[in-house]
Amino acid sequence: MFQSMVSLMMVVALTLTSGTTVYSQVLEGAYASAEKQQPSLSVTPAKTYPGDVILVRSKQPQTVTLFSRTYRLQSSSNEYARFIPIPFDVKPGDYKLQSADKKLSVAVTVQPKKFEVDKLTVSKQMNAMRQDTARIDADQKKINAARASSRATPYFTEPFIVPAKGTLTTPFGYQRVVNGVPANRHAAIDLANKTGTPIWASNNGKVVLADSLYLTGNTIIIDHGLNVFSIYAHMSKLSVKAGQEVKQGQVIGQMGTTGFSTGPHLHYGMLIGNTYVNPQPFFDASPFLWK
């Protein structure tokens with residue numbers, strides 16, 4: 001069909017003129033038109049790890065399937081895109097991300113990754129905090145409401161920055177063991193420094209929560225658009241309010257030890273919707289330049 005269209009337009013162009021200018025313009029237009037009619041599907045990075053995230057992009061509206069789950073790409077900045085988290089429990093191997101009509105597919109390779117165990121000893125009083133499900137559930141409703149929606153167009157174009165100076169005490173993905181009992185996986189990073197250390201917005205965005213919560217203490221959540229969020233916990237001071245837009249590097253508060261915390265540090269996490277993902281790829285490069 002495409003070749004027939006090009007041939008017809010070539011004949012028309014050559015009939016109108018014997019020069020090459022019109023012919024070139026018509027041919028370029030034909031290829032451009034055909035390109036618009038042929039939807040593409042891309043995934044970056046094509047090789048990833050459990051706990052990481054991929055960016056799926058297309059020129060046309062798409063619904064895609066990966067790991068037996070379905071995702072609808074969002075309209076954003078003259079394209080359709082979506083970040084998809086890679087579950088921690090996905091086995092290493094080659095997978096296929098496929099469009100709903102099964103006409104397009106892209107290979108995704110999940111590579112093996114080992115996560116260490118982080119043993120933590122806390123007082124009985126602090127450990128009891130984790131059992132107060134009523135307060136925890138109430139805070140979770142606030143968090144879920146804050147992350148219920150995200151701006152379709154991203155606020156950011158640049159890589160994210162590490163949001164505070166400090167020592168990395170707990171890397172992303174460590175399996176927590178509290179007082180000898182396995183707990184939730186630590187799907188964030190902990191940066192330790194003295195109380196009052198400035199904390200910066202890791203990228204442009206809009207504050208969707210700035211509140212004192214039971215377990216995470218003084219907490220800020222920023223929407224960066226395209227369903228990407230960052231969270232900052234255990235702070236001693238909040239310097240921004242919900243609804244306020246912030247710029248990358250802007251001071252949003254100070255490090256502290258509020259909530260379920262054994263010492264002054266920043267608990268920093270990145271999420272796609274309600275799913276925590278490894279922030280390191282966002283530090284390494286802009287997601288729009290991932291390879």
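Please read all numbers here as calculations on a predicted model, not as lab measurements. (Residues numbered from 1 in each chain as written. Predicted model: local features only at pLDDT ≥ 70, side-chain atom pairs only at ≥ 80, totals over all residues. Heavy atoms only, no water.)

Draft legend 1. Molecular detail of the environment of Arg 147. Position of Arg 147 among the secondary structure elements: in the loop between α4 (133-146) and β11 (167-170). With relative accessibility at 7%, the residue Arg 147 sits in the buried group. In this structure the C-alpha to C-alpha distance between Arg 147 and Ile 221, which are 74 residues apart in sequence, comes to 8.3 Å. Sequence-distant contacts of Arg 147, defined by excluding residues within four places in its chain, comprise Gln 140, Ile 221, Phe 229, Leu 271, Gly 273 and Asn 274. (Helix = DSSP H or I, 4+ residues; strand = E, 2+ residues; numbered from the N terminus. Buried < 20%, exposed > 50% of the residue type's maximum accessible area, 1.4 Å probe, protein only. Contact = heavy atoms within 4.5 Å.)

Draft legend 2. Structural context of the nonpolar core. Of all hydrophobic cores here, the largest spans 33 residues; its most connected members are Phe 83, Tyr 232, Ile 252 and Phe 282. Looking at this core, the elements that each hand over two or more residues are β3 (53-58), β7 (79-85), β14 (189-192), β17 (217-225), β18 (228-235), β22 (265-272) and α5 (280-284). A per-element tally of this core places β22 first, with four residues. Sequence-distant contacts of Phe 282, defined by excluding residues within four places in its chain, comprise Val 53, Phe 83, Pro 159, Phe 160, Val 228, Met 270, Ile 272, Val 277, Pro 287 and Trp 290. (Core = buried A, V, L, I, M, F, W, Y, C linked by side-chain atoms within 4.5 Å.)

Draft legend 3. Region of the structure containing the sheet that holds strand β2 (residues 47-48). With respect to topology, five strands assemble into an open sheet ordered β2-β9-β8-β4-β5, the strand pairing being mixed. On the outer flanks of this sheet lie β2 and β5 (69-72), each paired with one strand and no other. Two strands pair when backbone bridges link them, and strand β4 (residues 63-66) and β5 are joined in this way by four bridges, in the antiparallel orientation. Residue pairing for β5: Leu 66 is matched across the bridge by Arg 69. (Pairing = 2+ DSSP bridges.)

Draft legend 4. Molecular detail of the environment of Ile 222. Within the secondary structure layout, Ile 222 lies in strand β17. A relative accessible area of 0% means that Ile 222 is categorised as buried. C-alpha separation for the pair Ile 222 and Ala 146, spaced 76 residues apart in sequence, amounts to 8.9 Å. Discounting chain neighbours no more than four positions away, the residues touching Ile 222 are Ala 201, Gly 205, Lys 206, Val 207, Val 208, Val 228, Phe 229, Ser 230, Tyr 232, Val 246 and Ile 252.

Draft legend 5. Layout of the sheet that holds strand β21 (residues 251-254). Across the sheet, three strands lie side by side as β15-β21-β19; this open sheet has antiparallel pairing. Whereas interior strands pair on both sides, the edge strands pair on one side only; in this sheet they are β15 (198-200) and β19 (237-238). Pairing of β15 with β21, which is carried by three bridges, proceeds in the antiparallel orientation. In the strand pairing of β21, Pro 198 is matched with Gln 254.

Draft legend 6. The arrangement of the pattern of salt bridges in detail. Tallying each qualifying case throughout the model produces four salt bridges. Between Asp 211 and Lys 142 there is a salt bridge, and its shortest N-O distance comes to 3.3 Å. With Asp 211 in strand β16 (residues 205-213) and Lys 142 in helix α4, this residue pair connects regions lying 69 residues apart in the sequence. What makes Asp 211 partly exposed here is its relative accessible area of 27%. A salt bridge links Arg 176 to Asp 190, with the shortest nitrogen-to-oxygen separation between them at 3.3 Å. With Arg 176 in strand β12 (residues 174-178) and Asp 190 in strand β14, this pair connects stretches of sequence that are 14 residues apart. (Salt bridge = Lys/Arg side-chain N within 4 Å of Asp/Glu carboxyl O.)

Draft legend 7. Quick peek at the confidence of the model for the protein chain. The share of residues in the protein chain with pLDDT of 70 or more is 87%, and the mean pLDDT across the chain is 87. Counting interchain partners and residues more than four positions distant, the pLDDT-below-50 stretch residues 1-24 has 13 contacts. Counted against residues more than four places away or in other chains, residues 26-39, with its pLDDT under 50, gives 14 contacts. (pLDDT = per-residue confidence, 0-100.)

Draft legend 8. The packing of aromatic side chains, seen in detail. Under the criterion given, the structure shown has eleven aromatic pairs. Consider the rings of Phe 88 and Phe 115, whose centres lie 5.4 Å apart with planes at 70 degrees: the pair is edge-to-face. On the criterion of sequence distance, the pair formed by Phe 88 in the loop between β7 and β8 (93-99) and Phe 115 in the loop between β9 (105-110) and β10 (117-120) is long-range, its members being 27 residues apart. Residue classification places Phe 115 among the buried residues on the basis of a relative accessible area of 18%. Ring pairs connect the aromatic residues Phe 83, Phe 156, Phe 160, Phe 282, Phe 288 and Trp 290, which therefore count as one cluster. Above the face of the Tyr 155 ring, Arg 151 is positioned so that its terminal group lies 3.7 Å from the ring centre. One residue, Arg 185, lies across the ring of Phe 115, its end atom 5.2 Å from the ring centre. (Phe/Tyr/Trp six-rings, centres within 6.5 Å; stacked < 30°, edge-to-face > 60°. Lys NZ or Arg CZ within 6 Å of the ring centre and 35° of its normal.)

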